Each structure stands twice: as C-alpha cells, then as structure tokens.
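# Descriptive structure summary
Residue-level listing of the chains:
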Amino acid sequence: MSLRQFEYALAVAEEGSVTAAAERLHVAQPSVSQQIRNLERELGVELFARTPTGLVATVVGRAFLREAEVAVSAARKARATARAGADELVGELVVAAQMGFGTRQLPGALDALRRRFPQLEVTVFEEPSSAELERLCRRGVLDLALMAACERSPADAHHLGDEEFVVVLGPGDRRLAADRVDLRELDGEAWVRFDRDSAIDGVLLGVLRDNDLTPATAARVTQIATAVRWAAHGLGVTLVPASAVPRGYEDLVRPVSPAVSQPVIAVLRQDAGPGESALLDLLRRETWTESSQIQPRSRASTPA
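Keep in mind that what you see is a predicted model, and the values were worked out from it rather than measured. (Residues numbered from 1 in each chain as written. Predicted model: local features only at pLDDT ≥ 70, side-chain atom pairs only at ≥ 80, totals over all residues. Heavy atoms only, no water.)

### Some thoughts on the overall build of the protein
Counted only if it meets this: Helix and strand definitions follow DSSP, with helices as H or I runs of at least four residues and strands as E runs of at least two, each counted in order from the N terminus. The buried label applies to any residue whose accessible area, calculated with a 1.4 Å probe on protein chains only, is under 20% of its type's maximum; exposed applies above 50%, and partly exposed to all values in between.
Counting its secondary structure elements, the protein contains nine helices and 12 strands. Principal-axis analysis of the C-alpha atoms gives the protein an extent of 70 × 50 × 35 Å. Within the protein, the proportion of its 304 residues that are buried is 47%.

### A few points about the packing of aromatic side chains
Applicable threshold: Under the pairing criterion, centres of Phe, Tyr and Trp rings, with the six-membered ring standing for Trp, must be within 6.5 Å; the plane angle then separates stacked pairs below 30 degrees from edge-to-face pairs above 60, leaving the rest tilted.
A full pass over the atoms with the stated rule returns two aromatic pairs. Measuring from centroid to centroid gives 6.1 Å for F101 and F165, while their planes differ by 65 degrees, and the two rings are edge-to-face. Highlighted residues: F101 in the loop between β3 (91-98) and α5 (105-116) and F165 in strand β6 (residues 158-168), separated in sequence by 64 residues. A residue is classified by how much of its surface remains accessible, and F101, at 2% relative accessible area, is buried. F165 sits in the buried class, given a relative accessible area of 0%.

### Overview of the pattern of salt bridges
Threshold: One side-chain nitrogen of Lys or Arg within 4 Å of one carboxyl oxygen of Asp or Glu is enough to make a salt bridge.
Across all of its chains, the model carries 15 salt bridges by this definition. A salt bridge links R175 to D173, with the nearest nitrogen and oxygen atoms 2.8 Å apart. Across the salt bridge formed by R193 and D201, the nearest N and O atoms sit 2.9 Å from each other. With respect to burial, R193 and D201 carry one shared label: buried.

### Some remarks on the nonpolar core
Quick reminder of the rule: Residues grouped as a nonpolar core are buried Ala, Val, Leu, Ile, Met, Phe, Trp, Tyr and Cys residues, joined through side-chain atoms within 4.5 Å.
The biggest cluster of nonpolar side chains holds 61 residues, and the ones touching the most others in it are L113, L239 and L279. Counting residues per element, this core draws most heavily on helix α7 (residues 199-210), which supplies six residues. In terms of nonpolar packing, the next biggest core, distinct from the first, is built from 20 residues, A11, V18, A57 and L65 among them.

### What about helix α3 (residues 29-43)?
Under the convention used in this document: Any helix carries an expected span of 1.5 Å times its number of residues minus one. Arc, as used here, means the arc of the directions from the helix axis to the C-beta atoms.
Helix length check: α3, at 15 residues, gives a terminal C-alpha distance of 21 Å against a target of 21 Å (1.5 Å per residue), a fit within 8%. Within α3, burial applies to V32, S33, I36, L39 and E40. Looking straight down α3, one finds that the buried residues subtend no more than 130 degrees of arc, so they occupy a single side. Of the residues in α3, the exposed ones pointing more than 90 degrees away from the buried face are P30 and R41.

### A word on the side chain of R254
Just so we agree on the cut-off: Positive charges are assigned to Lys and Arg, negative charges to Asp and Glu, while His and the chain termini are left out of the count. Each polar contact in these results corresponds to two N or O atoms within 3.5 Å; when the atoms are within protein, one needs to be able to donate a hydrogen and the other to accept it, and residues that are neighboring in sequence are counted only if both atoms are side-chain atoms.
Structurally, R254 is set in strand β11 (residues 253-257). D179 is the oppositely charged side chain nearest to the buried, salt-bridge-free R254, at an N-O distance of 5.8 Å. At 2.7 Å, the side chain of R254 forms a polar contact with the backbone oxygen of L176. Within the structure, R254 has its side chain in polar contact with the backbone oxygen of A178 (distance 2.9 Å).

### Thoughts on the confidence of the model for the protein
We count it as follows: The quantity called pLDDT is the predictor's confidence in a given residue, expressed from 0 to 100.
Of all residues in the protein, 90% attain a pLDDT of 70 or more, and the chain-wide mean is 84. Per-element averaging of pLDDT across the protein places helix α6 (residues 130-139) at the bottom with 75 and helix α8 (residues 224-232) at the top with 95.

### Quick word on the packing of helix α1 (residues 3-15) against α3
So the rule is basically this: Lines fitted to the C-alpha atoms define the axes, with helices restricted to the stretch that makes contact. Angles between their N-to-C directions range from 0 to 180 degrees. Any angle between 65 and 115 degrees counts as roughly perpendicular, while under 35 counts as roughly parallel, over 145 as roughly antiparallel, and the rest as oblique. Here, two residues are considered to be in contact whenever any of their heavy atoms come within 4.5 Å of each other. Ten residue types, Ala, Val, Leu, Ile, Met, Phe, Trp, Tyr, Cys and Pro, are classed as nonpolar, four, Asp, Glu, Lys and Arg, as charged, and the remainder, Gly among them, as polar.
Two numbers describe how α1 lies on α3: the axes approach to 9 Å, and their chain directions differ by 110 degrees. By the angle between their directions, the pair α1 and α3 is classed as roughly perpendicular. In contact with Q5, F6, Y8, A9 and V12 of α1, α3 contributes S31, V32, Q35, I36, N38, L39 and E42. Of the residues contributing to the contact of α1 with α3, the split by class is seven nonpolar, four polar and one charged.

### Comments concerning the packing of α1 against helix α2 (residues 18-25)
What counts here: Definitions for this section: a left-handed crossing has its near helix turned counterclockwise from the far helix by less than a right angle. A right-handed crossing has that turn clockwise.
Direction vectors running N to C along α1 and α2 enclose 120 degrees, while the axes themselves pass 8 Å from each other. Considering the angle they form, α1 stands oblique to α2. Classified by chirality, the crossing of α2 by α1 is right-handed. Seen from α1, the contacting residues are Y8, A11, V12, E14 and E15; seen from α2, they are V18, A20, A21, R24 and L25. Among the residues forming the contact of α1 with α2, the class breakdown is seven nonpolar, no polar and three charged.

Encoded structure:
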C-alpha cells in the first residue's frame, strides 16, 4: 500500500465518483480506477459500493478511510516540517475551534501567522461538540485545537484565557437597564439553545441546574449568530461567549451574576511542529475580551 493509493481512496470517497476524483487530482481516470482496484485486492475487501448516486464507502471502507486520513495528514505534516527553513514554512496546518470560543482572538492570530509564513496553508473549522474535538485530538488529525477546558482536558493543554458568557435579551427588556443581570431573574424564561451535544449548550444546562432555573426551550440552533439574532427578535433569551456576539448587538448583551466563564485552552498534537508552536505563541498574545469590554450602542441602533 502507498500514500498515493490512500489519497486516491479519500478523493473518491469525498467526490463520490472516480471521474470527479481524477479531475480533482489532475490524473487520468484509469489510473485512479487501477489504484483503487489494486488497493482493494491487497486488502482483500471492497472499499466502495456502487449506488444510483455514485460510489459510497462500505462499512469496512469507512473504517479504512478514517485511518487513511490520519496517515495522509501525518505525511503532509512530515513533509512540511522537513521543508521548513528558519524563516520559511510551507505545508498545511489544520486547526479546529470549539464553536464560540476565541471568535475574536483566532482571526488576529491567524492573520499574524499568515504574514509571518505566507506560504503556509491553514485550514480552520468550527466544531460544536467537545467530545468530537477530543476524538480528533486523540487521532492526531488536528495540529491545534482551541476549546473549553473540561474534566478530560489533556494534562499538557495550554491555558490561554477565559471566555465570559453573557445573556442576550430582547429589545425593550427592562433588565437592560442594569449593568448585570441576576440569573434568578431569568427563571421561567424561554431559551434559544444549541445542539444537545455542543459545549455551549452544556454550559447553559450547568447554569440552569446550578441556579435552580427551569429550562424552557424556545428553539435550538446550530450557530451563535443565529441564536443572538433570534434573541434580539424576542424569541427568547440566550447565553453565549462574550467574544462571539456579532457586531451590532452589543446593546442587547449583559453579563450575568453570578458570573459565568469557561477557561479556554489550546491543545497541540503530540509532535507539534513550528507552525503550531508559532500559532500558540500568537494566541497567547491576543487579548481575551471580557464582557465588560463590550460597549453598548445607542438604543436607536438596535438591529431589526
């Protein structure tokens, strides 16, 4: 087996056809077909099944592809590390951020990283589930993960700062007159919540439980910006990291009492290279915004 065969199999799985995979890889279609056949013959299993909508990985194929992804990712990192000079770094850096954490800090750090290493390609994605992030970290797929600290956080995690959570209220809510909102005043409120396995919904559940509040769910959403907009339209209140509040909604945001915050950590892969180390250093230099630094705007500018 070769890494080239792994790359061909991953491309076929992502594209759903040999033709599309060949076009993406800029190789001839027969070459891709032959390599996949050779790989299946060597493994003694069928990796793909033909369906009316295209090629779909079999159960065994999906298990193989998960490991192939790890192997290809590791090979790319090894090549990038070998080619890295004192002032130049090339290759790919894969970063995952837990949804809502470091929303304002990560772009600044990435901008500085790109200016320092213009040939370094950075792939970033948001992951709402803390369990999935931990799984990806263990598999070695990620170069760096930005996430909230939890009981299962690695011992070598790097603490960057703390994310304070704030409540988003509807226009005209009487509690906007206060600098902070007492959590007890939110008893009986309808909440705009998030997916059940997301870290942010876990924070809200903990707040409701610790303050003996009755959870009433108005809606569940997958994006913080959506939750803030819906709360701004009066559907219900929501609790989100202060740094993740979209611009233009600051006047509807208030910190809560008792304060709610989560430590934010960075987890690097075990054999971290110069790119990951540089990004960690830049994240340390970022200011981890507190909710008190959000400046409310005039009531007349409340988003529609």
